[in-house]
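# Survey of secondary and tertiary structure
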Amino acid sequence: MIFYRKTSPRGDTLIEVIFAFAILATIIGFAYSGSIQARKAALSSQQRTQALLAAQFQSQAIKGYRDSLPWDGSTGEFPNFLNTGGGGGIPLNTTSKYCMSPSSNASPVPPKTGPRFEWQLLLDTDPGCTNLVAFVLPQLPTPPSPDTKLSITFQPGKATCSDIITCDSVQAVVKVTWLDPYKTTSSVQNIVILTKND
C-alpha cells in the first residue's frame, strides 16, 4: 500500500510570495542605485562641459585682450599688453591669479582699431571674476555650480626666458575648478600661447 503525504497549498503560496517580494525589492534597489549613479554621471558630464566652455571663453577673451593692445611700450604706446611703462596690460607677477571680465570702457587706440578694453583683467578674488561663470554660461538650461572658479596665471612663453618682459611670448594658463557630484574637486585647463607678432 502506498501512502501520500498531504501538503498545505497555503504554506507554499506564502513562501513564494515572500520570495517574490524579496526578488522585487532587490531589483528595485539595484534600479534605484543605478539611476542615482546615472544622474551623477550626467551631472558630472554637464559640469565638465560647462567648465570647458568657460575655459574656452576665457581663452578667447585673453586673445581679444592681447589683440586690442600693442605688445609692449617699445614704440611709445600706452597702455600695452606687457604693462611696460605702466597702465593696462598683464601683470608681471606670475604667482597671482586673474580672470578676464567684460568691460564697458571702450576707446580706440591707434594704430589698433576697435575697442581699447573690450576685456579687463581682474584678480580672481574680484566680484567681477566670482560672478563671471554665470555671465559666461547664461544660455545653459541649468546654472553652473556655485563653487565653480576661474583663474588665469601668466608665465614666460619659453623655458629659456627669465621673466615675461624679456620673452617674445607669454603663456596664459586658464583653469576652471569645481566640486563634482562625487564631492571631489575637478578641473580643466586651457593653455594659450600669446606671441609678440601674432
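These figures come from a predicted structure and were not determined experimentally.

### Regarding the nonpolar core
Within the largest apolar cluster, 26 residues are counted, with the highest numbers of intra-cluster contacts made by I62, Y65, F81, I90, M100 and F154. No other element matches the six residues that helix α1 (residues 9-67) contributes to this core.

### Structural notes on the environment of K40
Along the chain, K40 falls in helix α1. Remark: the alpha-carbon pair of K40 and P181, spanning 141 residues in sequence, is separated by 5.8 Å. Leaving out residues up to four positions away in the same chain, K40 has contacts with P181 and Y182.

### Thoughts on the confidence of the model for the protein chain
Per-residue confidence for the protein chain gives a mean pLDDT of 75, with 64% of residues at or over 70. The lowest-confidence element of the protein chain is helix α3 (residues 132-136), averaging 61 in pLDDT; the highest-confidence one is strand β5 (residues 185-195), averaging 88. Here residues 106-112 scores under 50 on pLDDT; set against residues more than four positions off or in separate chains, the count is 14 contacts.

### Examining the packing of aromatic side chains
All told, the structure shown has one aromatic pair when counted by the stated rule. With 6.2 Å between their ring centres and 45° between their planes, Y98 and F154 make a pair best called tilted. In this pair, Y98 sits in strand β1 (residues 98-102) while F154 sits in strand β3 (residues 149-156), placing the two residues 56 residues apart along the sequence. Residue Y98 shares its accessibility class with F154, and that shared class is buried.

### Here we look at unusual backbone geometry
Notably, K183 is not glycine yet its phi reads approximately 65°, a positive angle. In this structure, K183 sits in the loop between β4 (169-179) and β5. Residue classification places K183 among the exposed positions, given a relative accessible area of 65%.

Calculation criteria
- Residues numbered from 1 in each chain as written.
- Predicted model: local features only at pLDDT ≥ 70, side-chain atom pairs only at ≥ 80, totals over all residues.
- Heavy atoms only, no water.
- Core = buried A, V, L, I, M, F, W, Y, C linked by side-chain atoms within 4.5 Å.
- Buried < 20%, exposed > 50% of the residue type's maximum accessible area, 1.4 Å probe, protein only.
- Helix = DSSP H or I, 4+ residues; strand = E, 2+ residues; numbered from the N terminus.
- Contact = heavy atoms within 4.5 Å.
- pLDDT = per-residue confidence, 0-100.
- Phe/Tyr/Trp six-rings, centres within 6.5 Å; stacked < 30°, edge-to-face > 60°.

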